[in-house]
Amino acid sequence: MSATRPMMKGTRSSCIPDSGKVARIVSYVSLLIVGITAILSFPAAQAAESGSAQEVSRVDSPVHYDIRVHIDPLERTLKGRSVITANTREELTLVIGRRFEVLKARVDGESIGSSATVGAMRAWRIPEEEKLPRRIEIEWRGELSPLDTSLDHRQTLGQNEPVSGESGTFLPDSSGWYPYLAGELASYDLSMELPAGQRGVVAGRLAEESESPQGFRARFEFPAPTGGIDLMAGPYIVETRTIRSAGGKPIVLRTYFHREVADLAGEYLDSVKGYIDLYESRIGAYPFTEFSIVSSPTPTGFGMPTLTYLGLEVLRLPFIRATSLGHEVLHNWWGNGVYPDYAKGNWSEGLTTFMADYAYKERESDAAAREMRQGWLRDFAALSPSQYAPLKSFTSRTHGASQIVGYNKAAMVFLMLRDLLGRETFDRALQTFWREQRFRVASWEDLQRAFETASGRNLHVFFDQWLTRSGAPIVRLTKAVRMKAEGGSHHVLVTLEQPEPAYRLRVPIAVHTQQGEKIHTVDLENTQQVFSIETDVAPLEVILDPDLRLFRHLMPQEATPILRQVMVNKTTVTVLLPESGPARDAAEILATKLQHRAPKLIPGTDNMPATPTLVIGLQDQVDAWLARHELHRPEDMMGKGSAQAWTTRLSDSTTLAVVSARDIESLTALTRPLPHYGRQSYVVFEGAKAVSRGTWPTRPQAVKLD
Ligand SMILES: [Zn+2]
């Protein structure tokens, strides 16, 4: 047993790209497993009556928690009582965070016996038992850690501590703040008490709520078996709006906002309504009875069924409503409505990215959508081959490389599938998939079946190559020859090549004529193939996949070097030019921040290695180092700003990134902002502010015809 519940836990994964302003928004898609259906939409009256909802849920869920918890954020204390009902005979492991004092623990009326310590958890073995249901009663209390609002998002994520303070309480499931049975999904009924002025929320249906000078009370029901409970509380102002779902049932939307952002409530509720309408029309009815947006005093972001928890400063960013919020709402269909079969690969992030983040770009403009595809392909080109992993092995976002595959490559696979089948068939397949798999665990194979049924095509090769092969196809346009015109029509012979083993690809080829550009799609399935393309007027130029609709390895001239290369590529080596003192320290801190690990250092006197290299130093040191390697500072960066960072592709096509600062102060000022500019080829800073940035121009694979 481990301290967490890896099999059962939802996975925390980033759901917005680097913004340059905030750290990251992360989605914590709880993993629900067994099929449930209408239990989540009990009429309020019925649920409020003497626990009738619980009776039903106990039948459906083998394990049920009935939790009462009292939290005092000022005192930072928690006191709880839980009755666990288990309709399972096997041996069980009861777990709670070690920081809590257990006041009473009884199993079927008997004392529970002694516990073992596993990391930050305390665990009891409960032997198998024939008589059902089994009843475990436990009372506990303990202190919560102080809320530290100075943490950044990554730190907040890494923290498995229950934190509390006047401005907010966050009890992550992984902290063991309530007793649970390891490895078991459970439904729950949770009552909370907080001092007056505070309000709290967990995922599920708000069944009862009251507020008086004595305090706040609320009861939530989650009648389906779910993977864990995160509790949030704070001095919230709650706004409520009830909308009607496509099927006519009410959906209650709420914001639990701090005073500082309370004026944003209306806009957020409008946006959520818009997203629910959008996805109901594209997929099917919203599967829950509510959706809440909860503000967090730390710069974090999670998505769970029925709610999303977003940092105060994150909520203020104008693009969050336009992007991440939609992504989180969509997870109520993909991820929390249909559960990915984690053992066979998580398809839900790719599909959510495709139908949210990417769809919004498509709605904006063709150029915006192309830019997103280009970003995905560039990011992929920044990886080292050791970081390629088959899409099937992606479960959750653990680092940059896994996001590049699990979110971006997967989204592009859905794009290629839609290009292949057409929008109408694609949407129909997803609607059927939703209808059939709602509240079930579904795998990539189930998705494949849905697309095959809708299209009447065998998609085995398509899914097999994109899911099981790691890396990306390498397609080269090696030759294009214009044939003599015959009877008014023109032909161009185009040669494409790819290495063994060949992928089967639909490759877009643009042919330029005096009348403009026309895209032809050819089916490449061998390592070398010649295609004859017919045009009405004389062809002038042939370009390979100019819109970047094919997931492939960009050639060096198609993928300009970007800073991310030396940030995510595991083979990167680092040269710190200052030899000692505060400048050396500042350079080392920056390298560590950029790479999220201790940098692999090589001496500045070494020859240029044949792997991505990051060089950091003060201006004079950098100039001397560049001169020694016969390199130059890019001309348009000469003398600009207090610090500069840029990339260069060396003759052996490895990437060099250089960070040059005027003085120690300017170098130190880069620590926070620079990691957010991974998508750029160069950035010029004045202090901590980026005053200029961009990517070096790219050249597509093209052949001019003469
Ligand atoms: Zn997500």
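Described below are features of the structure shown in this document. Here the structure is a predicted model, which means the values were calculated and not measured. (Residues numbered from 1 in each chain as written. Predicted model: local features only at pLDDT ≥ 70, side-chain atom pairs only at ≥ 80, totals over all residues. Heavy atoms only, no water.)

## Remarks on the environment of V568
Next up, step 1: One can find V568 in helix α14 (residues 564-568).
Next up, step 2: The buried category is assigned to V568, whose relative accessible area is 15%.
Next up, step 3: Along the primary structure V568 and Q387 are separated by 181 residues, whereas in three dimensions their C-alpha atoms are 9.2 Å apart. (Helix = DSSP H or I, 4+ residues; strand = E, 2+ residues; numbered from the N terminus. Buried < 20%, exposed > 50% of the residue type's maximum accessible area, 1.4 Å probe, protein only.)

## A closer look at the packing of helix α12 (residues 444-455) against helix α13 (residues 460-468)
Next up, step 1: It is at 10 Å that the axes of α12 and α13 come closest, and there the two elements cross at 150 degrees. Relative to α13, the element α12 is oriented roughly antiparallel. The hand of the α12/α13 crossing is right-handed. Where α12 approaches α13, its residues W444, Q448, F451 and E452 are matched on the opposing element by H460, F463 and L467.
Next up, step 2: Tallied by class, the residues present in the contact of α12 with α13 amount to 4 nonpolar, 2 polar and 1 charged. (Axes fitted to C-alpha atoms, helices over the stretch in contact; angles between N-to-C directions. Parallel < 35°, antiparallel > 145°, perpendicular 65-115°, else oblique. Left-handed = near helix turned anticlockwise from the far one by under 90°. Contact = heavy atoms within 4.5 Å. Nonpolar A, V, L, I, M, F, W, Y, C, P; charged D, E, K, R; others polar.)

## Considerations on helix α11 (residues 423-437)
Next up, step 1: Counted at 1.5 Å a residue, the expected span for α11 with its 15 residues is 21 Å, and the 21 Å between its end C-alpha atoms agrees.
Next up, step 2: Considered for burial, the residues of α11 that qualify are T425, F426, A429, L430, F433, W434 and Q437.
Next up, step 3: Backbone geometry just downstream of α11 places F439 in the positive-phi region, at approximately 60 degrees. (Expected span 1.5 Å × (residues − 1).)

## Some details on the layout of surface pockets
Next up, step 1: For the second largest pocket, the calculated volume is near 520 Å³.
Next up, step 2: If you trace the second largest pocket, you find 22 residues lining it, with L420, R504, L505, R506 and D523 closest to the centre.
Next up, step 3: Going through the elements one at a time, α10 (400-421), α13, β29 (505-513) and β30 (516-524) are the ones with two or more residues in the lining of the second largest pocket.
Next up, step 4: For the lining of the second largest pocket, the class distribution of residues is 11 nonpolar, 3 polar and 8 charged. (1 Å grid on protein atoms, 1.4 Å probe; cavity = no way out; pocket = protein on both sides within 12 Å on 5 of 7 lines; lining within 4 Å. Points joined across faces, edges and corners; volume = space filled by probe spheres on them.)

So, to be careful, I would describe these as geometric facts and stop short of saying anything about function.
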